[in-house]
Amino acid sequence: MLAGAAPAVQAETLRDALAAVYNTNPTLEGARATQRATDENVPIQNAQGLPSLNATATYVEFVKQSANAFTAPDRNLTVDPTLTVPLYSGGAIRNGIKAAKERVAAGQADLRATESAVFSQAVAAYMDVLRTEALVALAANQVEVLDVTFQSTSDRFEIGTLTRTDVAQAQSRLALAQGDLQSAYANLISAREAYIELVGRAPTDLEAPPPLPNLPENVGMAVVTALESNPDLIAAKERAQAAGFDTEVAGSGRLPTLSAFANASYSNFFGTLGGFGQNLVQAEITGNAGLRVTIPIFQGGIVAARQRQAGARETAALEQVIAAERDVIQQTRAAYANWQAANAVIESSQAAVSAAELSLEGVRAENSIGNRTIIDVLNAEQELLSSRAQLVTARRNAYVAGFTLLAAMGKAEARDLNLDTGGPLYDPQVNYERVRGKFWDWDRDPEPEANSTRTVDIEAADALIGPTLEPGE
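This section reports on the structure supplied with the text.

The rules we used
- Residues numbered from 1 in each chain as written.
- Predicted model: local features only at pLDDT ≥ 70, side-chain atom pairs only at ≥ 80, totals over all residues.
- Heavy atoms only, no water.
- Salt bridge = Lys/Arg side-chain N within 4 Å of Asp/Glu carboxyl O.
- Helix = DSSP H or I, 4+ residues; strand = E, 2+ residues; numbered from the N terminus.
- Patch = residues over 30% accessible without salt bridge, like charges linked within 9 Å, V, L, I, M, F, W, Y side chains within 5 Å.
- Areas by Shrake-Rupley, 256 points an atom, 1.4 Å probe, with all protein chains shown as cover.
- Buried < 20%, exposed > 50% of the residue type's maximum accessible area, 1.4 Å probe, protein only.
- Core = buried A, V, L, I, M, F, W, Y, C linked by side-chain atoms within 4.5 Å.
- Contact = heavy atoms within 4.5 Å.
- Pairing = 2+ DSSP bridges.
- Axes fitted to C-alpha atoms, helices over the stretch in contact; angles between N-to-C directions.

### Structural notes on the pattern of salt bridges
Phase 1 of the analysis: Enumeration over the complete set of coordinates arrives at 18 salt bridges.
Phase 2 of the analysis: Its salt-bridge partner being Asp-110, residue Arg-239 comes within 2.0 Å of it at the nearest N-O pair. In this pair, Arg-239 sits in helix α7 (residues 231-251) while Asp-110 sits in helix α4 (residues 92-158), placing the two residues 129 residues apart along the sequence.
Phase 3 of the analysis: Where Glu-447 meets Arg-444, a salt bridge forms, and the shortest distance between an N and an O atom there is 3.5 Å.

If you want it as structure tokens, here you go:
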């Protein structure tokens, strides 16, 4: 694997990568499908309060008759339709619907969290590719520099101005640099493969990312925004509300239930009912209607146990709200600190690079007149390489930390980044509104199919870098 010029291809921006993630990432597509499944809990709960109509048909052939049956028929067809209308269920249906709606809201918040988490991973993968490309360029440049140093040292040894020790030192540093270059190649391939996994396509000539929007001025503003908008915290609060309704549902089991019913029955003996010349009715229709009240008197304590159980789960959900709040505060403050630290490292690394460049220039000049040894030159070159690598890494870390901060604040989704996804953004509320009032038993969606893209046909990543990348970038 050698660093060299890649074929001319169209450059890709971070916004392009995030748009591809939004449209084709399987984790995100799976989360959307999971949310659509959660939406169906509302019509499922609602169906328990709607009328139900059933019919039972029975056809009987009386193969062997009793000797004492004088009017027994030979065959009979009976059709029994039954209509049941729930009127009162102690609040179980009403509270069950409310709980389902709260869980839909929690699921929508979870979907937001998944989106920002996948975006955070994609941003890190994008920046990792840029960083490792720069590190490969630095490592390749270092090999070239040390090769020149080694050749120069060997030439000066031949004319007697340097010792064999100087040559060995230069050769050792060159061998180490060549090993570091191979490691950089492997790291670049790994970074590009991680990019392919998340984005669904190979990285091609990635451009520098744009400035991040809506970053806070201080950590206090970040925490306030996070407590208002963080999707994980919102989801925890919605689940606590749903758990409260679950407690009410559990307690309704000790209350009476009331329902209306209507039954009809059609019976046909096909002219086989009779005996002794009797003229009997061979087909008839009967019907009845009424109200049914069920009053629980004693159920062995099961209702109370279920309510205590639901209450304990509600308490756990309330505790999880506080835990989520603590986690959001910790994540936000830590992300802000990492972002600030990375920005400070950028400033110090830029100063270190400038100083190392000046130091190397001076050491080389002093070496040319005999005031510095070869090892001094090699050390100065290594310091410059380390400073440049630290600067590259700090720039990556600052951007990733900034995006992580936005994610903790609940501001790292497609709607916040104003992504151009080639169409309207996915709105989970649309599917919820579509299914919430459905009650027809034969209403079906199209056959399930995967929407995300596969990467099996994408060629394995290589370690080539573009010709325009400079070592200091």
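### Regarding a nonpolar patch on the surface
Phase 1 of the analysis: On the surface, Leu-50, Phe-439, Trp-440 and Trp-442 cluster together into a nonpolar patch covering about 590 Å² of accessible area.
Phase 2 of the analysis: Of note, Trp-440 is situated in the segment after α11 (428-435).
Phase 3 of the analysis: Owing to a relative accessible area of 59%, Trp-440 belongs among the exposed residues under this scheme.

### Looking at the nonpolar core
Phase 1 of the analysis: Among the nonpolar cores identified, the biggest contains 34 residues, and Leu-18, Phe-119 and Tyr-126 are the most heavily contacted of them.
Phase 2 of the analysis: For this core, the elements supplying multiple residues, two or more each, are α1 (14-24), α2 (26-39), α4, α5 (164-199), α9 (374-408) and α10 (414-417).
Phase 3 of the analysis: Top element by residues in this core is α4. It accounts for 11 residues.
Phase 4 of the analysis: The residues touching Leu-18, leaving out its near neighbours within four places in the chain, are Phe-119, Ala-122, Val-123, Leu-417 and Leu-419.
Phase 5 of the analysis: Core analysis: the second largest hydrophobic core is formed by 20 residues, Ala-139, Val-143, Leu-162 and Ile-374 among them.

### What about the side chain of Thr-24?
Phase 1 of the analysis: Structurally, the position occupied by Thr-24 is in helix α1.
Phase 2 of the analysis: Accessibility expressed as a relative area gives 19% for Thr-24, which makes it buried.
Phase 3 of the analysis: Apart from residues lying up to four places away in sequence, Thr-24 is in contact with Val-199, Ser-452 and Thr-453.

### Re the sheet that holds strand β2 (residues 75-88)
Phase 1 of the analysis: On the basis of which strands lie adjacent, the open sheet formed by 4 strands has the order β1-β2-β3-β4 and antiparallel pairing. With partners counted over all chains shown, the strands left at the sheet margins are β1 (52-61) and β4 (283-294), one partner each. Each adjacent strand pair in this sheet contributes to an overall mean axis angle of 15°, direction not counted.
Phase 2 of the analysis: Pairing between β2 and strand β3 (residues 257-268): 9 bridges, direction antiparallel. Following the sheet pairing, Tyr-88 is matched in β3 by Leu-258.

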